[in-house]
There are 4 protein chains.
Amino acid sequence: MKNTLGNNVSITIFGESHGNALGAVLDGIAPGIEVDESFIAHQLDLRRPVGKISTPRKETDEFEILSGVFEGKTTGTPICIVIKNKDKKSEMYESIKDIARPSHADYTAFCKYNGFADYRGGGHFSGRVTAGIVAAGAIAISALRKKGILIGTHIAKCASIEDAEFSDYKKDIENLNNKIFATLDDEKAEEIKAIIKKAASCYDSVGGVLETAVIGLPVGVGEPWFDSVEGMLSHALFSIPAVKGVEFGAGFAIADMMGSKANDSFYAENGQIYTETNNNGGINGGITNGMPVIFRTAIKPTPSISLPQKTVNFKSKLNIIESIIGRHDPCIVHRARVVVDSITAIVLCDLLATKFGTDWLSK
Amino acid sequence: MKNTLGNNVSITIFGESHGNALGAVLDGIAPGIEVDESFIAHQLDLRRPVGKISTPRKETDEFEILSGVFEGKTTGTPICIVIKNKDKKSEMYESIKDIARPSHADYTAFCKYNGFADYRGGGHFSGRVTAGIVAAGAIAISALRKKGILIGTHIAKCASIEDAEFSDYKKDIENLNNKIFATLDDEKAEEIKAIIKKAASCYDSVGGVLETAVIGLPVGVGEPWFDSVEGMLSHALFSIPAVKGVEFGAGFAIADMMGSKANDSFYAENGQIYTETNNNGGINGGITNGMPVIFRTAIKPTPSISLPQKTVNFKSKLNIIESIIGRHDPCIVHRARVVVDSITAIVLCDLLATKFGTDWLSK
Amino acid sequence: MKNTLGNNVSITIFGESHGNALGAVLDGIAPGIEVDESFIAHQLDLRRPVGKISTPRKETDEFEILSGVFEGKTTGTPICIVIKNKDKKSEMYESIKDIARPSHADYTAFCKYNGFADYRGGGHFSGRVTAGIVAAGAIAISALRKKGILIGTHIAKCASIEDAEFSDYKKDIENLNNKIFATLDDEKAEEIKAIIKKAASCYDSVGGVLETAVIGLPVGVGEPWFDSVEGMLSHALFSIPAVKGVEFGAGFAIADMMGSKANDSFYAENGQIYTETNNNGGINGGITNGMPVIFRTAIKPTPSISLPQKTVNFKSKLNIIESIIGRHDPCIVHRARVVVDSITAIVLCDLLATKFGTDWLSK
Amino acid sequence: MKNTLGNNVSITIFGESHGNALGAVLDGIAPGIEVDESFIAHQLDLRRPVGKISTPRKETDEFEILSGVFEGKTTGTPICIVIKNKDKKSEMYESIKDIARPSHADYTAFCKYNGFADYRGGGHFSGRVTAGIVAAGAIAISALRKKGILIGTHIAKCASIEDAEFSDYKKDIENLNNKIFATLDDEKAEEIKAIIKKAASCYDSVGGVLETAVIGLPVGVGEPWFDSVEGMLSHALFSIPAVKGVEFGAGFAIADMMGSKANDSFYAENGQIYTETNNNGGINGGITNGMPVIFRTAIKPTPSISLPQKTVNFKSKLNIIESIIGRHDPCIVHRARVVVDSITAIVLCDLLATKFGTDWLSK
């Protein structure tokens, strides 16, 4: 399948940037979970452009739940959430419809869809389509929270600025989830915003790294070999536009360690088992070990920049130079944060439903 | 599903390190593809321990094709390949069956499988189970080669030693595929072997990074959003034991670039479209763009080391200190190489079958 | 997955009888297929109640295509179609929400969804949810027709009245597709309508058998063992409410034949291969053989009848006698016809995309 | 997927009639279930030819469990079971390899697999491949029995002879499972055997109908819409060679009933809910209602008969007359019984694992 992800809990996404609407169908979520529409709106707000460091496109992202929720609770049947497109300025895309914006999907979508793709604003490849994931993910996040499973993501790095590290996971996650611009260190937030503004002023863009922690997961979650926690999460994370890397625990840095340092020693305390370090990111053999699940996601700089770039007209096969007009972000790292949280929550609901059955989340 | 991966071409793996046998069922491969048993044997050789830098366990890895091949060619029906276990020394695992070897799956498997997992030699979590992937992958690799699609992986880094970079993809890939110890620079191979031996002499282990290039893929392959090339490959790669990170193109380094540098400018030459750089690793929007598909896989140091380590008995919940006896590798990076190639080939056959139909590979 | 069906072409359905809306997401359909909204409307008309032999609930079934169609053609990305509920009279369901209407899903839905299901008008189990299948199926039917693949279904039997048999498949199918009440013999249609009206006048209901023919399918379609044509179609057909039996070719009658009679002799004519009889319904070994694919679907009498029936209150566990008020059909066989055609078309698009690739339908 | 069936519990089959071996991988079965090899052997015996009413091919069907079982219990990892082919007389198939045996898959397999299929003895399409399903199914049947879920199938009809009906489900099922020739009425068994022998003596064959009852299933099992109990079971049942019809409860006969007769009235007794009749076969809305799940499967007469038949050489496209030599059964209804039980058990384990989680079966 292409636009459906998941086994027992699944999400199906649809929509284009400048079409009528976009949205998602979330299926398999246990019946009886409270659906808090204001929390969905809050999560959509986190994804929306922020002041001067984001695109001037103004979408209010008003969503409508079409199905699967009754008297404020999930029914166990598919939840379809729709967000209408309103602030569309499609005409400006007409003139560049045969131009391959560098690092965008214009050319590959043209090839894959034989020229029939909706090219306006990136069509189905627009980051805007993640709004459906965020709306659906909000329900998954709420469900997990009720079971004591918390997800938090911070901007670990943006351009050259590095954020602080997690110190107290529970407190840090709760703080992060209350922030629009999610850093652990507030001063770093200001530095990062400054660097984004500077990039914008140069008609350029910056990327970064998001780091996510999940706490409260039971031991023994994950369906190896292939539906390991890492396999399932990475599959989902790499579906988010602009993600070019995913690593768990120490990630690529583990390649530089000796085994004696990389290995996470186990110890028992009050009948519970822990590890002293967490280079494996809470996962051994694709299965949770009770430590926080930690992963990082590399986000590339927004490909849409106003600087002139060399590229091609893929119909005429002519080389051209193009400045991308349109409304775009100098950085999407801070907006991608909630998308990472959302898809993570959906994947975890899926793995938990697989292990514990369809109804566990609401038990 | 847990031990089945893939949509139109799928692999199902089975087996334990010290059980009767292990193997794989490869399904969906087009009929009429030549099956070269000597190539399968060659690929299994690449996975097998190498001289002094590997485990002394000696498995000849004799495989038997039980089905799906007739008169030397694939029939289009499932290919089951079985490798019997012979050099089993299971008794030594009896005494440590309740001990959580650090960074191994003993504890998590105990939890997930409620104490019923075969603990001998890691059971179903043993790296040995990858032999089934390699045998099946050999058929996929051969099929792709006939269509001009080549896959090559080198040890980009092991401990502190970095290999050279790809210069001429075609030539480099062909060279790599003829090497047992896959570096682009032969001198680096000797340095790496020396560092592995040194780690072994200290009863320790080392990790590394594998870099893979795929050339010859048509433009337009990949099924976004969720069955993107990155999503599908990462799902498969993270299923390989010891993998802790996967990145495409510039990967995590892209987070440090400005958009103007990260963007891959397109240009046309003789009616073909190329990019000047390849920071996106040959993939835009989850779809191949005709440039080499490039990714890196972080391999952790072998967790089995003979140095004493702190850990627990997960039944008694007692803290203990344990040296892992058994036959293990001081490094598995060089052996993991062929596993990466194999699972990559299977995933690509799947994506190609999805796009072009069940029979394309043999057309 | 629960509400998603299909591998390469899939449908995801959502919605409840008395919720905001219902609909479907059709994914994987080749790009470039013309979408004729008037044909979708026509198909929805076929599903809608007909005069005095149907429910008085009046839904105009106005649909909106939210995504996946651009400039009148499919883009290759997911097509979400939404139909709003308008003529809802939900209050009448409040009083019977704990009553198990016999042969309805009230009790089982109550158990499965732990009491959280939307009970109004059958909720997600309402036959009304098939409107999403019909809207999506209309696109699949159009796509197949362009490739010369035609689907036609007639009311082979309703109560005791039997329709004529197919004589000229092509002509018959075209005639059927122009009829609101699909019989091959117009006189039989009148007899059947009379029997339905009579049942209605007795506050009772009748069932029937639908027979479907598909012509124009290439030889060699079907993915045995498990994704055989029969396996895939039956899976889909049994998902339609009220279906209690599916048979291919001679079906259950084949059990009474000797092999020498049941076997379909092959013969060649002008280089084409045919069978003399078609007791296998155009399928051998789960694969199409070029003859018409023939199957029959048993539809039970509408369970909603106004006659008093013995049943229970599943909360109080008290035995009661209940007459079902509400707006219901004395027969749904004629309305189910277009649902059968629609889901058949979607399954066939899936199997064809599997065999020939993502783009074949629009080639 | 083609040769893999199931979501949370899955079976992957492989093998050809005259290849090295055939078998199955059963994945997702809960850890800790006792595996009784003598019961597997017993079930394989039920599938094996019986005296004079079956093929003279003598396969001992010795199976080997390669993986997934440790110390006599399931480990939770994939169970691969292999059965070697021994009594192969392949040479006799060489001469007829281009002949389309009527109602067999020779021609369609030739088309689908582009001429590369193993044609010997039907290759992958041989009924012999069901031995893998039976071996795997034996484990599923045992697991269900521990939970009080019993499956029994009788020959409801063979040629013109009809068996008695179920009277006491529990007792009847236990009796059936101890019989090699499964009728409820022993006299009918003799009549049926006589009719099979008569058909054999005329070089002809007969078919029949199998009826299956499942008792002990919890209320609320089934994942509508698409993974309904009927959808999942029919998908699996139609994968068995020779099955041409599947019906639940009253099945096709329900089409002749009025709603007032077809509806199954509910009643409560001692706090339990039952239905007075069971025309819906224990399923409402695709979900179990606690009554026995009842279905019937139509089995066509063995297509292999020795009478001369008209057919074609599909390479030369010449019309010919052919008598099928080879070793074949005049009836396979009695042998198909255990295949139906086995695949039913696997599907039910899958649906139960979906609802209750991975470990429920061994709890």
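An account of the accompanying structure is given in this report.

What counts and what doesn't
- Residues numbered from 1 in each chain as written.
- Chains lettered and ligands numbered in written order.
- Predicted model: local features only at pLDDT ≥ 70, side-chain atom pairs only at ≥ 80, totals over all residues.
- Heavy atoms only, no water.
- Helix = DSSP H or I, 4+ residues; strand = E, 2+ residues; numbered from the N terminus.
- Rg over C-alpha atoms; globule rule 2.2 N^0.38 Å.
- Buried < 20%, exposed > 50% of the residue type's maximum accessible area, 1.4 Å probe, protein only.
- Least-squares fit on C-alpha atoms with pLDDT ≥ 70 in both.
- Contact = heavy atoms within 4.5 Å.
- Salt bridge = Lys/Arg side-chain N within 4 Å of Asp/Glu carboxyl O.
- Polar contact = N/O pair within 3.5 Å; in protein donor to acceptor, adjacent residues only side chain to side chain.
- Buried area = accessible area lost by both parts, 1.4 Å probe.
- Phe/Tyr/Trp six-rings, centres within 6.5 Å; stacked < 30°, edge-to-face > 60°.
- Lys NZ or Arg CZ within 6 Å of the ring centre and 35° of its normal.
- Pairing = 2+ DSSP bridges.
- Axes fitted to C-alpha atoms, helices over the stretch in contact; angles between N-to-C directions.
- Disulfide = S-S within 2.5 Å.
- Parallel < 35°, antiparallel > 145°, perpendicular 65-115°, else oblique.
- Left-handed = near helix turned anticlockwise from the far one by under 90°.
- Nonpolar A, V, L, I, M, F, W, Y, C, P; charged D, E, K, R; others polar.
- Expected span 1.5 Å × (residues − 1).

### Considerations on the overall build of chain A
Here comes step 1: Per the secondary structure count, chain A includes 9 helices and 18 strands.
Here comes step 2: Rg of the C-alpha trace for chain A: 21 Å, near the compact-globule value of 21 Å for 363 residues, within the 12% margin.
Here comes step 3: When the backbone C-alpha atoms are referred to their principal axes, chain A occupies close to 65 × 50 × 35 Å.
Here comes step 4: Buried positions account for 71% of the 363 residues belonging to chain A.

### Side note on the relation of the copies chain A and chain B
Here comes step 1: Least-squares fitting of chain A to chain B yields an RMSD of 0.0 Å, with the superposition described by an axial translation of 0.0 Å and a rotation of 180 degrees. Here the two chains are linked by the operation of a two-fold rotation axis. Among all residues of chain A, the one whose C-alpha sits closest to the rotation axis is His235 of chain A, at a distance of 2.5 Å.
Here comes step 2: The share of interface residues of chain A whose copies in chain B are also at the interface is 100%, consistent with both copies meeting through the same surface.

### Some remarks on the pattern of salt bridges
Here comes step 1: For the coordinates displayed, the defined rule picks out 84 salt bridges over all chains.
Here comes step 2: A salt bridge links Lys310 of chain C to Glu276 of chain D; the nearest nitrogen and oxygen atoms lie 3.2 Å apart. Within this pair, whereas Lys310 of chain C is found in strand E17 (residues 309-313), its partner Glu276 of chain D is found in the loop between strand E13 (272-275) and strand E14 (283-284), the two belonging to separate chains.
Here comes step 3: With relative accessibility at 43%, the residue Lys310 of chain C sits in the partly exposed group.
Here comes step 4: Overall, the relative accessible area of 44% leaves Glu276 of chain D in the partly exposed class.
Here comes step 5: A salt bridge links Glu174 of chain D to Lys170 of chain D; the nearest nitrogen and oxygen atoms lie 4.0 Å apart. Here Glu174 of chain D pairs with Lys170 of chain D, and both are found in helix H5 (residues 169-177), just 4 residues apart, close to one helical turn.

### Things to note about the side chain of Glu247 of chain B
Here comes step 1: With respect to the helices and strands, the residue Glu247 of chain B is situated in strand E11 (residues 243-248).
Here comes step 2: A distance of 2.8 Å separates the side chain of Glu247 of chain B from the backbone nitrogen of Phe252 of chain B, its partner in a polar contact.
Here comes step 3: A polar side-chain atom of Glu247 of chain B sits 2.7 Å from a polar atom in the side chain of Arg296 of chain B.
Here comes step 4: Beyond its immediate chain neighbours, meaning those up to four positions away, Glu247 of chain B contacts Lys244, Gly245 and Phe252 of chain A together with Phe252, Ile294, Phe295 and Arg296 of chain B.

### Some words on the interface of chain A and chain B
Here comes step 1: Facing 104 residues of chain A, the contacting portion of chain B comprises 104 residues.
Here comes step 2: For the chain A and chain B pair, buried surface summed over both sides reaches about 8,200 Å², with 60% attributable to carbon and sulfur atoms.
Here comes step 3: Of all residues in chain A, the largest losses of buried area upon contact with chain B belong to Trp225, Phe226 and Lys244 of chain A, amounting jointly to 13% of the total for that side.
Here comes step 4: Our count for the contact surface shared by chain A and chain B stands at 10 salt bridges.
Here comes step 5: Its salt-bridge partner being Lys112 of chain A, residue Glu223 of chain B comes within 3.1 Å of it at the nearest N-O pair.
Here comes step 6: Sorting elements by how many residues they give to the side of chain A that touches chain B places strand E11 (residues 243-248) of chain A first, with 6 residues.

### Observations regarding the interface of chain D and chain B
Here comes step 1: Listed per partner, the contact involves 47 residues of chain D and 47 residues of chain B.
Here comes step 2: Buried area between chain D and chain B, summed over both chains or domains, comes out near 3,700 Å², and the portion from carbon and sulfur atoms is 57%.
Here comes step 3: Between chain D and chain B we count 2 salt bridges in total.
Here comes step 4: Residue Glu64 of chain D is joined to Lys84 of chain B by a salt bridge in which the shortest nitrogen-to-oxygen separation is 3.2 Å.
Here comes step 5: Linking chain D to chain B there are 15 residue pairs in polar contact (both at pLDDT 80 or more).
Here comes step 6: Those elements that place two or more of their residues in the side of chain D that touches chain B are strand E2 (10-15), strand E3 (21-27), strand E4 (63-65), strand E6 (73-74) and strand E7 (79-84) of chain D.

### Let's talk about the packing of aromatic side chains
Here comes step 1: Under the definition given, this model contains 42 aromatic pairs over all chains.
Here comes step 2: Ring centres of Tyr107 of chain C and Phe314 of chain C lie 6.0 Å apart, and the angle between their planes is 40 degrees; on these two criteria the pair is classed as tilted. With Tyr107 of chain C in helix H3 (residues 106-112) and Phe314 of chain C in the loop between E17 and strand E18 (318-322), the pair connects residues that are 207 residues apart, well separated along the chain. The two residues Tyr107 of chain C and Phe314 of chain C agree in class, both being buried.
Here comes step 3: Each residue in the set Tyr107, Phe110 and Phe314 of chain A together with Phe266 of chain B is aromatic and connected to the rest through ring pairs, giving one cluster.
Here comes step 4: Across from the ring centre of Trp360 of chain A, 4.3 Å away, lies the NZ or CZ of Lys147 of chain A, which sits over that ring.

### As for the sheet that holds strand E7 (residues 79-84) of chain C
Residue and element names in this part refer to chain C.
Here comes step 1: The strand order E1-E2-E3-E7-E4 describes an open sheet built from 5 strands, whose pairing is antiparallel. Because the sheet does not close on itself, it has two edges, and the strands there are strand E1 (4-5) and strand E4 (63-65).
Here comes step 2: Looking at chain direction, E4 and E7 are connected through 3 bridges and run antiparallel. Along E7, the bridge assignment pairs Ile65 with Ile81.
Here comes step 3: Most of the contacts of helix H4 (residues 130-146) go to strand E3 (residues 21-27), to which it runs at about 35 degrees, and overall it touches strand E2 (10-15), E3 and E7.

### Quick look at the state of the cysteines
Here comes step 1: Tallied over the full model, the rule gives 0 disulfides over all chains.
Here comes step 2: Unpaired in terms of disulfides, Cys202 of chain A finds its nearest cysteine sulfur in Cys158 of chain A, a separation of 14 Å.
Here comes step 3: Here Cys158 of chain C is not disulfide-linked; the sulfur of Cys331 of chain C is the nearest cysteine sulfur, at 3.8 Å.
Here comes step 4: Residue class for Cys158 of chain C comes out buried when judged on its relative accessible area of 1%.

### Some remarks on the environment of Leu237 of chain C
All names here are of chain C.
Here comes step 1: Mapped onto the elements of the fold, Leu237 is located in helix H7 (residues 229-237).
Here comes step 2: For Leu237 and Cys80, which are 157 residues apart along the polypeptide, the C-alpha to C-alpha distance reads 22 Å.
Here comes step 3: Apart from the residues lying within four places of it in its own chain, the contact partners of Leu237 are Val243, Val246, Phe295, Thr297, Val340, Ile343 and Thr344.

### A word on the packing of H4 of chain C against helix H9 (residues 333-356) of chain C
Residue and element names in this part refer to chain C.
Here comes step 1: Following both chains from N to C, one finds H4 and H9 inclined at 55 degrees, their axes separated by 7 Å at the closest point. Looking at the two axes, H4 sits oblique to H9. As H4 packs across H9, the resulting crossing turns out to be left-handed. From H4, Thr130, Ile133, Val134, Ala136, Gly137, Ala140, Ile141 and Leu144 reach across to H9, where they touch Val338, Val339, Asp341, Ser342, Ile343, Ala345, Ile346, Leu348, Cys349 and Leu352.
Here comes step 2: Within the contact of H4 with H9, the residues separate by chemical class into 14 nonpolar, 3 polar and 1 charged.

### Quick word on the sheet that holds strand E4 (residues 63-65) of chain B
Residue and element names in this part refer to chain B.
Here comes step 1: The 5 strands lie next to each other as E1-E2-E3-E7-E4, forming an open sheet whose pairing is antiparallel. Bordering the open sheet on either side are strand E1 (4-5) and E4, each of which pairs with just one other strand.
Here comes step 2: Against the sheet, helix H1 (residues 37-47) contacts E4 and strand E7 (79-84), and its axis sits at roughly 145 degrees relative to E4.

### Structural notes on the pairing of strand E18 (residues 318-322) of chain A
Residue and element names in this part refer to chain A.
Here comes step 1: In terms of strand pairing, strand E17 (residues 309-313) meets E18 through 5 bridges, oriented antiparallel. Counterpart to Val312 in the pairing with E18 is Asn319.
Here comes step 2: Hairpin connection between E17 and E18: a loop of 4 residues separates the two successive antiparallel strands, and Lys317 in this loop has a positive phi of roughly 60 degrees.

### Topic: helix H4 (residues 130-146) of chain D
Since the α-helix packs 3.6 residues into each turn, any two residues three or four apart lie on the same face.
Here comes step 1: Under the 1.5 Å per step criterion, the end-to-end length of H4 of chain D is 24 Å for 17 residues, consistent within 8% with the ideal 24 Å.
Here comes step 2: Burial analysis of H4 of chain D places 15 of its 17 residues in the buried class, which makes it a mostly covered element.

### Concerning the environment of Ile343 of chain D
Here comes step 1: Tracing the chain through its elements places Ile343 of chain D in helix H9 (residues 333-356).
Here comes step 2: Look at Ile343 of chain D and you get buried, because its relative accessible area is 1%.
Here comes step 3: Each C-alpha atom, one on Ile343 of chain D and one on Leu5 of chain D, is 9.8 Å from the other, the two residues being 338 residues apart in sequence.
Here comes step 4: Setting aside residues up to four positions removed in sequence, Ile343 of chain D forms contacts with Phe226 of chain C together with Leu5, Ile133, Ala236, Leu237 and Ile240 of chain D.

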